[in-house]
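A closer look at the structure
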Amino acid sequence: MRYAVISDIHGNFEALDAVLGDAAACTDVVLCLGDIVGYGADPVACVERIAERAQAITAGNHDHAVAGRLDLDWFNTSARAALVWTRGHLDADHRAYLGALPLVAEVGDAILVHASPDHPEEWDYLVSAEDGFAAFAAFSTRLCLVGHSHLPAAWSVGSSGPEFRAGTFEVEFAAGRRYIVNVGSVGQPRDRDPRAAYGLWDVERGTLTIRRVAYDVERARRKILAAGLPRVLADRLAWGS
Ligand code: ZN
């Protein structure tokens, strides 16, 4: 079994479409770690495509914010402007759908969660080595798949000591070790590589590979500008940061 693990799509349909096209050569099974909307100009198309394609979906903070479950004060100015815009472009059904997404899901020997597995409703970021190592006590499965920071990374613990790696890589799961993997962001990468990122989890091989997919960044940028969303949300797609 292989799973395409996607996160932080953020209303970027060009990036989502490119990632699902890339993944289709390997698997039909898609898992989504949330932040389907926010920032980008195509929230409806992204919600509908993911609702149709993903086998398991967890909520992101932006998803819960447009549904009224998280205060907009939590967000910075441009994120807040995009959430207000997104809320106005989704109908009540779409908002209710996003608001009902669970914080945690379990697939095989992995838990899926948008932010930290430790109190997911607090939306803490796992960025440093220490952030990740401290989160292992909060789950009991072998694997925990996360998003939220938009930075691909892997943490692991086991008898030979803790390990941390950031960047685009392949993790080979070693016997006796447990892992947290951040699969990066489909729709707004922040690691200075503008290509969309997602994870391909191969259960039989015991690997999780971060894949990068080029997409039509310029088209996604133009849609953000045409929608009247903050310019920085368009420009950062080209920078990948
Ligand atoms: Zn996000």
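Everything here concerns the structure above.
These notes cover the structure that comes with them. Residue positions are given per chain, counted from 1 along the sequence in the order it is written. Where totals are concerned, whole chains, interfaces and linings use all residues; where local detail is concerned, this predicted model gives features only for residues with pLDDT of at least 70, and gives and counts side-chain atom pairs only at 80 or more. Computation of side-chain values: all heavy atoms of the structure, hydrogens and water removed.

As for the pattern of salt bridges
Rules: A pair is scored as a salt bridge if a Lys or Arg side-chain nitrogen falls within 4 Å of a carboxyl oxygen belonging to Asp or Glu. Only DSSP runs of H or I reaching four residues or more are called helices, and only runs of E reaching two or more are called strands; each is numbered from the N terminus. Burial status follows relative accessibility: with a 1.4 Å probe on protein chains alone, a residue under 20% of its type maximum counts as buried, one over 50% as exposed, and anything between as partly exposed.
Throughout the structure, instances matching the rule amount to twelve salt bridges. With its nearest N and O atoms 3.2 Å apart, the salt bridge here joins arginine 219 to glutamate 14. Highlighted residues: arginine 219 in helix 7 (residues 217-226) and glutamate 14 in helix 1 (residues 13-24), separated in sequence by 205 residues. Between glutamate 170 and arginine 205 there is a salt bridge whose closest N-O contact spans 3.4 Å. Note that glutamate 170 is positioned in strand 9 (residues 170-172) and arginine 205 in the loop between strand 11 (196-202) and strand 12 (207-213), a separation of 35 residues in sequence. Taking the relative accessible area as the measure of exposure, arginine 205 reaches 54% and is therefore exposed. Three or more residues joined by partner-sharing salt bridges are found here, namely Glu14, Asp42, Arg219 and Lys223.

Things to note about helix 5 (residues 92-99)
Using the following cut-off: Arc, as used here, means the arc of the directions from the helix axis to the C-beta atoms. Note on contacts: a residue pair is in contact if any heavy atoms of the two residues lie within 4.5 Å. Definition of a polar contact: a pair of N or O atoms within 3.5 Å, with one able to donate and the other able to accept a hydrogen when the atoms are protein atoms, and with sequence-neighbouring residues admitted only if both atoms are side-chain atoms.
What helix 5 keeps buried is the set His94, Leu98 and Gly99. The buried residues of helix 5 occupy an angular sector of 135° when the element is viewed end-on, so they sit on one face. Residues of helix 5 that are exposed and angled more than 90 degrees away from the buried face: Ala92 and Asp93. The inward-facing, buried residues of helix 5 contact helix 2 (43-53) and helix 3 (61-66). Put simply, aspartate 91 is the residue that caps the front of helix 5, since its side-chain oxygen is 3.2 Å from the backbone nitrogen of aspartate 93.

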